[in-house]
Amino acid sequence: MKALVLTEYNHFDLQDVPKPTIKPNEVLVRVQAVGICGSDVHGMDGSSGRRIPPIVMGHEASGIIAEVGAEVRDWSTGDRVTFDSTVYALDDWYSRKGMYNLSDGREVVGVSTPDFKRQGAFAEYVSVPQHILYAVPDNVSFTQAALVEPVAVALHAVGLTPIQVNDSAVVVGSGMIGLFIIQVLKLAGCGTIIAVDLDDDRLALAKTLGATHTLNAHEGDLVKQVQALTHGRGSDVSFEVVGAGPTVKTAIDCVRKGATVTLVGNLAPTVEVPLQAIVTRQLRLQGSCAINGEYEAALALISSGRINVEAILSAEVPLEEGADWFRRLYDKEKGLIKVVLKP
(Lines give C-alpha, C1' and ligand atoms only; values in the text may rest on other atoms or scores of the structure.)
Protein backbone atom coordinates (compact mmCIF):
# COMPACT_ATOMS: atom_id res chain seq x y z
CA MET A 1 0.00 0.00 0.00
CA LYS A 2 0.98 3.66 -0.30
CA ALA A 3 1.90 5.46 2.94
CA LEU A 4 3.28 8.87 3.82
CA VAL A 5 6.26 8.01 6.03
CA LEU A 6 8.17 10.42 8.25
CA THR A 7 11.57 8.92 7.45
CA GLU A 8 13.53 11.49 9.45
CA TYR A 9 12.57 14.70 11.17
CA ASN A 10 11.23 17.27 8.69
CA HIS A 11 11.26 14.79 5.81
CA PHE A 12 8.46 12.66 4.34
CA ASP A 13 8.54 9.98 1.65
CA LEU A 14 5.53 8.48 -0.09
CA GLN A 15 6.46 4.81 0.04
CA ASP A 16 5.17 1.38 -0.87
CA VAL A 17 4.94 -0.44 2.46
CA PRO A 18 3.35 -3.75 3.48
CA LYS A 19 -0.36 -3.63 4.18
CA PRO A 20 -0.98 -4.15 7.93
CA THR A 21 -1.81 -7.63 9.14
CA ILE A 22 -4.61 -7.72 11.68
CA LYS A 23 -4.87 -9.53 14.99
CA PRO A 24 -7.97 -11.61 15.81
CA ASN A 25 -9.62 -8.67 17.62
CA GLU A 26 -8.73 -6.07 14.99
CA VAL A 27 -10.16 -4.76 11.74
CA LEU A 28 -8.40 -3.42 8.67
CA VAL A 29 -9.77 -0.03 7.63
CA ARG A 30 -9.36 1.33 4.11
CA VAL A 31 -8.76 4.98 4.88
CA GLN A 32 -11.01 7.48 3.10
CA ALA A 33 -9.99 10.68 4.90
CA VAL A 34 -7.37 11.59 7.50
CA GLY A 35 -6.69 14.94 9.14
CA ILE A 36 -3.32 16.52 9.79
CA CYS A 37 -3.34 17.30 13.52
CA GLY A 38 -1.34 20.11 15.10
CA SER A 39 0.42 17.47 17.19
CA ASP A 40 1.55 15.81 13.95
CA VAL A 41 2.95 19.11 12.69
CA HIS A 42 4.94 19.58 15.88
CA GLY A 43 5.91 15.93 15.84
CA MET A 44 7.36 16.35 12.36
CA ASP A 45 10.32 18.39 13.62
CA GLY A 46 10.94 16.26 16.71
CA SER A 47 9.95 18.99 19.17
CA SER A 48 7.24 16.89 20.83
CA GLY A 49 9.34 13.74 21.17
CA ARG A 50 6.27 11.69 20.21
CA ARG A 51 6.86 11.02 16.51
CA ILE A 52 10.20 9.19 16.43
CA PRO A 53 11.00 8.28 12.77
CA PRO A 54 10.35 6.19 10.86
CA ILE A 55 6.62 6.44 11.50
CA VAL A 56 3.34 6.67 9.60
CA MET A 57 1.47 9.38 11.50
CA GLY A 58 -2.25 10.19 11.41
CA HIS A 59 -4.85 9.53 14.13
CA GLU A 60 -7.90 11.52 12.93
CA ALA A 61 -9.38 9.29 10.28
CA SER A 62 -12.39 7.54 8.79
CA GLY A 63 -12.85 4.77 6.28
CA ILE A 64 -14.44 1.48 5.29
CA ILE A 65 -13.78 -1.87 6.95
CA ALA A 66 -11.88 -4.02 4.46
CA GLU A 67 -11.17 -7.06 6.64
CA VAL A 68 -12.22 -8.33 10.08
CA GLY A 69 -10.31 -10.53 12.51
CA ALA A 70 -11.54 -13.93 13.64
CA GLU A 71 -12.73 -12.64 17.04
CA VAL A 72 -14.44 -9.50 15.78
CA ARG A 73 -18.16 -9.25 16.51
CA ASP A 74 -20.83 -6.81 15.30
CA TRP A 75 -18.61 -5.33 12.57
CA SER A 76 -18.51 -6.35 8.91
CA THR A 77 -16.62 -5.52 5.78
CA GLY A 78 -18.12 -2.48 4.10
CA ASP A 79 -19.07 -0.73 7.36
CA ARG A 80 -18.35 3.02 7.44
CA VAL A 81 -16.31 3.73 10.57
CA THR A 82 -14.12 6.10 12.48
CA PHE A 83 -12.06 5.25 15.54
CA ASP A 84 -10.71 6.65 18.78
CA SER A 85 -7.08 7.76 18.71
CA THR A 86 -6.34 5.95 21.99
CA VAL A 87 -5.67 2.21 22.00
CA TYR A 88 -6.21 0.86 25.50
CA ALA A 89 -6.63 -2.43 27.34
CA LEU A 90 -10.17 -3.21 28.45
CA ASP A 91 -8.98 -4.89 31.66
CA ASP A 92 -6.72 -2.03 32.78
CA TRP A 93 -7.49 -0.55 36.25
CA TYR A 94 -8.13 2.92 34.80
CA SER A 95 -10.29 1.54 31.99
CA ARG A 96 -12.42 -0.32 34.54
CA LYS A 97 -12.81 2.97 36.45
CA GLY A 98 -14.08 4.71 33.32
CA MET A 99 -10.82 6.52 32.55
CA TYR A 100 -9.45 4.64 29.58
CA ASN A 101 -7.66 7.78 28.38
CA LEU A 102 -5.35 7.37 31.40
CA SER A 103 -4.86 3.61 31.10
CA ASP A 104 -1.44 2.16 31.74
CA GLY A 105 0.29 1.11 28.56
CA ARG A 106 -2.07 3.15 26.39
CA GLU A 107 -0.94 3.78 22.84
CA VAL A 108 -1.97 6.41 20.33
CA VAL A 109 -2.53 5.65 16.66
CA GLY A 110 0.20 7.22 14.52
CA VAL A 111 2.49 7.98 17.45
CA SER A 112 6.01 6.74 18.19
CA THR A 113 7.76 7.22 21.54
CA PRO A 114 10.56 5.38 23.36
CA ASP A 115 7.80 3.21 24.88
CA PHE A 116 5.72 2.27 21.82
CA LYS A 117 5.23 2.71 18.11
CA ARG A 118 1.83 2.39 16.45
CA GLN A 119 1.50 3.07 12.73
CA GLY A 120 -1.19 5.54 11.75
CA ALA A 121 -3.60 6.48 8.99
CA PHE A 122 -1.54 8.54 6.52
CA ALA A 123 -1.84 5.44 4.39
CA GLU A 124 -4.29 3.44 2.33
CA TYR A 125 -4.98 1.07 5.23
CA VAL A 126 -4.70 1.09 9.02
CA SER A 127 -5.38 -1.65 11.58
CA VAL A 128 -7.27 -0.90 14.80
CA PRO A 129 -8.87 -2.99 17.57
CA GLN A 130 -12.64 -3.41 17.35
CA HIS A 131 -13.37 -1.78 20.72
CA ILE A 132 -12.24 1.67 19.55
CA LEU A 133 -14.49 1.65 16.44
CA TYR A 134 -17.56 3.85 15.94
CA ALA A 135 -20.13 3.69 13.15
CA VAL A 136 -20.38 6.80 10.98
CA PRO A 137 -23.99 8.01 10.46
CA ASP A 138 -25.20 7.92 6.86
CA ASN A 139 -25.49 11.71 6.63
CA VAL A 140 -21.92 12.30 7.87
CA SER A 141 -19.24 12.35 5.18
CA PHE A 142 -15.86 10.67 5.54
CA THR A 143 -14.23 14.10 5.73
CA GLN A 144 -16.57 15.15 8.53
CA ALA A 145 -15.92 11.86 10.31
CA ALA A 146 -12.17 12.50 10.13
CA LEU A 147 -12.80 15.56 12.31
CA VAL A 148 -14.69 13.70 15.04
CA GLU A 149 -11.52 13.19 17.10
CA PRO A 150 -10.83 16.91 17.76
CA VAL A 151 -14.53 17.52 18.45
CA ALA A 152 -14.38 14.73 21.05
CA VAL A 153 -11.25 16.32 22.57
CA ALA A 154 -13.23 19.56 22.97
CA LEU A 155 -16.20 17.73 24.50
CA HIS A 156 -13.92 16.00 26.99
CA ALA A 157 -12.29 19.28 28.08
CA VAL A 158 -15.61 21.05 28.57
CA GLY A 159 -17.11 18.01 30.29
CA LEU A 160 -14.35 18.08 32.91
CA THR A 161 -14.97 21.75 33.66
CA PRO A 162 -17.64 22.94 36.15
CA ILE A 163 -19.90 25.17 34.05
CA GLN A 164 -23.31 26.57 34.87
CA VAL A 165 -25.79 28.21 32.52
CA ASN A 166 -24.79 31.81 31.74
CA ASP A 167 -21.23 31.38 33.02
CA SER A 168 -18.39 33.26 31.36
CA ALA A 169 -15.47 31.51 29.67
CA VAL A 170 -12.17 32.56 28.13
CA VAL A 171 -10.66 30.37 25.40
CA VAL A 172 -6.98 31.12 24.80
CA GLY A 173 -6.15 29.96 21.28
CA SER A 174 -8.52 29.95 18.31
CA GLY A 175 -7.03 27.05 16.41
CA MET A 176 -9.01 23.93 15.61
CA ILE A 177 -9.53 22.65 19.17
CA GLY A 178 -10.22 26.15 20.47
CA LEU A 179 -12.89 26.70 17.83
CA PHE A 180 -14.57 23.42 18.74
CA ILE A 181 -14.42 24.28 22.45
CA ILE A 182 -16.14 27.58 21.66
CA GLN A 183 -18.96 25.72 19.90
CA VAL A 184 -19.32 23.27 22.79
CA LEU A 185 -19.38 26.10 25.34
CA LYS A 186 -22.22 27.70 23.41
CA LEU A 187 -24.14 24.40 23.53
CA ALA A 188 -23.39 24.16 27.26
CA GLY A 189 -25.16 27.47 27.88
CA CYS A 190 -22.26 29.84 28.53
CA GLY A 191 -23.46 33.42 28.32
CA THR A 192 -20.11 35.12 27.67
CA ILE A 193 -17.51 33.35 25.55
CA ILE A 194 -14.31 35.31 25.01
CA ALA A 195 -11.89 34.09 22.33
CA VAL A 196 -8.24 35.17 22.62
CA ASP A 197 -5.73 34.83 19.79
CA LEU A 198 -3.10 36.76 17.81
CA ASP A 199 -4.72 36.17 14.40
CA ASP A 200 -7.64 38.44 13.52
CA ASP A 201 -8.91 36.03 10.85
CA ARG A 202 -9.15 33.21 13.38
CA LEU A 203 -10.85 35.53 15.84
CA ALA A 204 -13.40 36.44 13.17
CA LEU A 205 -14.11 32.74 12.66
CA ALA A 206 -14.41 32.28 16.42
CA LYS A 207 -17.06 35.00 16.45
CA THR A 208 -18.95 33.23 13.67
CA LEU A 209 -18.89 29.94 15.59
CA GLY A 210 -20.17 31.26 18.90
CA ALA A 211 -17.72 33.58 20.66
CA THR A 212 -19.55 36.60 22.05
CA HIS A 213 -16.35 38.63 22.21
CA THR A 214 -12.90 38.38 20.60
CA LEU A 215 -9.64 39.86 21.88
CA ASN A 216 -6.31 40.13 20.10
CA ALA A 217 -3.66 39.46 22.74
CA HIS A 218 -1.38 42.08 21.20
CA GLU A 219 -3.91 44.88 21.58
CA GLY A 220 -4.35 46.55 24.95
CA ASP A 221 -4.42 45.14 28.47
CA LEU A 222 -5.99 41.72 28.02
CA VAL A 223 -6.83 41.12 31.67
CA LYS A 224 -8.56 44.48 32.04
CA GLN A 225 -10.54 43.84 28.87
CA VAL A 226 -11.73 40.47 30.20
CA GLN A 227 -12.65 41.99 33.54
CA ALA A 228 -14.64 44.70 31.79
CA LEU A 229 -16.69 41.96 30.12
CA THR A 230 -17.18 39.95 33.35
CA HIS A 231 -18.44 42.43 35.96
CA GLY A 232 -14.89 43.31 37.01
CA ARG A 233 -14.19 39.81 38.34
CA GLY A 234 -12.68 37.77 35.53
CA SER A 235 -14.19 34.76 33.83
CA ASP A 236 -15.71 31.78 35.64
CA VAL A 237 -13.59 29.31 33.66
CA SER A 238 -10.83 29.40 31.08
CA PHE A 239 -9.35 26.97 28.57
CA GLU A 240 -5.74 27.05 27.38
CA VAL A 241 -5.54 25.42 23.97
CA VAL A 242 -1.97 26.21 22.87
CA GLY A 243 0.42 24.62 25.33
CA ALA A 244 2.98 27.38 25.92
CA GLY A 245 4.07 29.35 28.96
CA PRO A 246 2.68 32.78 27.98
CA THR A 247 -0.73 31.41 27.02
CA VAL A 248 -0.99 29.34 30.20
CA LYS A 249 -0.30 32.52 32.17
CA THR A 250 -2.98 34.35 30.17
CA ALA A 251 -5.54 31.64 30.97
CA ILE A 252 -4.69 31.96 34.68
CA ASP A 253 -4.65 35.77 34.73
CA CYS A 254 -8.06 36.11 33.05
CA VAL A 255 -10.16 34.14 35.54
CA ARG A 256 -11.87 35.26 38.75
CA LYS A 257 -10.99 34.00 42.22
CA GLY A 258 -12.11 30.43 42.79
CA ALA A 259 -12.20 29.66 39.06
CA THR A 260 -11.16 26.58 37.11
CA VAL A 261 -8.47 26.69 34.42
CA THR A 262 -8.51 23.71 32.03
CA LEU A 263 -5.25 23.04 30.21
CA VAL A 264 -5.73 21.33 26.87
CA GLY A 265 -2.67 22.45 24.88
CA ASN A 266 0.30 20.10 25.03
CA LEU A 267 3.12 21.75 23.10
CA ALA A 268 5.79 22.61 25.69
CA PRO A 269 6.92 19.81 28.05
CA THR A 270 7.20 22.29 30.95
CA VAL A 271 5.95 25.83 31.67
CA GLU A 272 6.26 28.27 34.56
CA VAL A 273 3.10 29.18 36.49
CA PRO A 274 2.38 32.05 38.93
CA LEU A 275 2.19 29.88 42.03
CA GLN A 276 1.22 32.54 44.55
CA ALA A 277 -1.57 33.86 42.34
CA ILE A 278 -2.93 30.32 42.00
CA VAL A 279 -2.80 29.67 45.75
CA THR A 280 -4.05 33.03 47.04
CA ARG A 281 -6.88 33.17 44.47
CA GLN A 282 -7.76 29.52 45.14
CA LEU A 283 -7.68 28.52 41.49
CA ARG A 284 -8.05 24.99 40.25
CA LEU A 285 -5.75 23.98 37.40
CA GLN A 286 -6.54 20.72 35.62
CA GLY A 287 -5.31 18.92 32.57
CA SER A 288 -7.58 17.44 29.94
CA CYS A 289 -6.14 14.36 28.25
CA ALA A 290 -7.49 13.22 24.89
CA ILE A 291 -10.92 11.55 24.88
CA ASN A 292 -12.85 9.35 27.28
CA GLY A 293 -16.04 8.13 25.63
CA GLU A 294 -17.12 11.31 23.84
CA TYR A 295 -17.09 9.90 20.29
CA GLU A 296 -20.79 9.02 20.12
CA ALA A 297 -21.78 12.50 21.28
CA ALA A 298 -19.37 14.09 18.79
CA LEU A 299 -20.81 12.08 15.90
CA ALA A 300 -24.37 12.92 16.95
CA LEU A 301 -23.59 16.64 17.18
CA ILE A 302 -21.98 16.65 13.74
CA SER A 303 -24.83 14.62 12.27
CA SER A 304 -27.44 17.02 13.68
CA GLY A 305 -25.54 20.10 12.52
CA ARG A 306 -25.09 21.43 16.06
CA ILE A 307 -21.31 21.31 15.63
CA ASN A 308 -19.90 22.82 12.45
CA VAL A 309 -16.73 21.04 11.31
CA GLU A 310 -16.65 22.35 7.75
CA ALA A 311 -15.97 25.90 8.97
CA ILE A 312 -12.45 24.99 10.09
CA LEU A 313 -11.57 22.89 7.02
CA SER A 314 -8.95 24.63 4.87
CA ALA A 315 -8.27 22.02 2.18
CA GLU A 316 -8.90 18.44 1.05
CA VAL A 317 -5.92 17.12 -0.91
CA PRO A 318 -4.50 13.78 -2.10
CA LEU A 319 -2.14 11.87 0.17
CA GLU A 320 0.58 12.44 -2.42
CA GLU A 321 0.54 16.16 -1.58
CA GLY A 322 0.78 15.54 2.16
CA ALA A 323 4.43 16.56 2.59
CA ASP A 324 3.81 19.94 0.97
CA TRP A 325 0.77 20.65 3.14
CA PHE A 326 2.66 19.65 6.27
CA ARG A 327 5.25 22.27 5.39
CA ARG A 328 2.60 24.91 4.78
CA LEU A 329 0.99 24.19 8.14
CA TYR A 330 4.39 24.19 9.84
CA ASP A 331 5.14 27.59 8.32
CA LYS A 332 1.79 28.85 9.68
CA GLU A 333 0.51 29.87 6.26
CA LYS A 334 -2.22 32.43 6.76
CA GLY A 335 -5.74 31.06 6.59
CA LEU A 336 -4.79 27.43 7.21
CA ILE A 337 -6.40 25.65 10.14
CA LYS A 338 -7.23 22.12 9.08
CA VAL A 339 -6.11 19.98 6.13
CA VAL A 340 -7.60 16.57 5.33
CA LEU A 341 -5.72 14.07 3.17
CA LYS A 342 -7.52 11.61 0.89
CA PRO A 343 -5.53 8.37 0.33
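As a reminder, the structure under discussion sits directly above these lines.
Rules behind the numbers
Residues numbered from 1 in each chain as written. Predicted model: local features only at pLDDT ≥ 70, side-chain atom pairs only at ≥ 80, totals over all residues. Heavy atoms only, no water. Helix = DSSP H or I, 4+ residues; strand = E, 2+ residues; numbered from the N terminus. Buried < 20%, exposed > 50% of the residue type's maximum accessible area, 1.4 Å probe, protein only. Contact = heavy atoms within 4.5 Å. Patch = residues over 30% accessible without salt bridge, like charges linked within 9 Å, V, L, I, M, F, W, Y side chains within 5 Å. Areas by Shrake-Rupley, 256 points an atom, 1.4 Å probe, with all protein chains shown as cover. Salt bridge = Lys/Arg side-chain N within 4 Å of Asp/Glu carboxyl O. Polar contact = N/O pair within 3.5 Å; in protein donor to acceptor, adjacent residues only side chain to side chain. Axes fitted to C-alpha atoms, helices over the stretch in contact; angles between N-to-C directions. Parallel < 35°, antiparallel > 145°, perpendicular 65-115°, else oblique. Left-handed = near helix turned anticlockwise from the far one by under 90°. Nonpolar A, V, L, I, M, F, W, Y, C, P; charged D, E, K, R; others polar.

> Quick question: what am I supposed to make of the environment of Leu319 here?
Inspection of the secondary structure assignment puts Leu319 in the loop between β18 (313-318) and α11 (322-330). On the basis of relative accessible area, Leu319 is assigned to the buried category, the value being 2%. Leu319 has contacts with Lys2, Leu4, Leu14, Phe122, Ala123, Leu341, Lys342 and Pro343, leaving out every residue within four places of it along the chain.

> What's the story with a nonpolar patch on the surface in this structure? I'm lost.
Together, Trp93, Met99 and Leu102 make up a nonpolar patch on the protein surface, roughly 290 Å² of accessible area in all. A relative accessible area of 30% means that Met99 is categorised as partly exposed.

> How should the side chain of Asn292 be read in this particular structure?
Locating Asn292 in the fold gives a position in the loop between β17 (284-287) and α10 (295-304). Of the polar contacts made by the side chain of Asn292, one reaches the backbone oxygen of Gly98; its length is 2.5 Å. Separated by 3.1 Å, the side chain of Asn292 and the backbone nitrogen of Tyr100 make a polar contact.

> How should I be thinking about the packing of helix α4 (residues 148-159) against α10 in this particular structure?
The relative placement of two packed helices is expressed as an angle between their axes plus a distance between the axes. Two numbers describe how α4 lies on α10: the axes approach to 9 Å, and their chain directions differ by 115°. Taken together, α4 and α10 sit at an angle that is classed as roughly perpendicular. Here α4 runs over α10; the crossing is right-handed. Of α10, the residues touching α4 (which contributes Val148, Glu149, Val151, Ala152 and Leu155) are Tyr295, Ala297, Ala298, Leu299, Leu301 and Ile302. A class-by-class count of the residues in the contact of α4 with α10 yields 10 nonpolar, no polar and 1 charged.

> I'm lost on the packing of α4 against helix α5 (residues 176-187) in this one. Help?
The N-to-C vectors of α4 and α5 enclose an angle of 55°; their axes lie 8 Å apart at closest approach. By the criterion of interaxial angle, the relationship of α4 to α5 is oblique. As for how α4 packs across α5, the hand of that crossing is right-handed. Seen from α4, the contacting residues are Pro150, Val151, Val153, Ala154, Leu155, Ala157 and Val158; seen from α5, they are Met176, Ile177, Phe180, Ile181, Val184 and Leu185.

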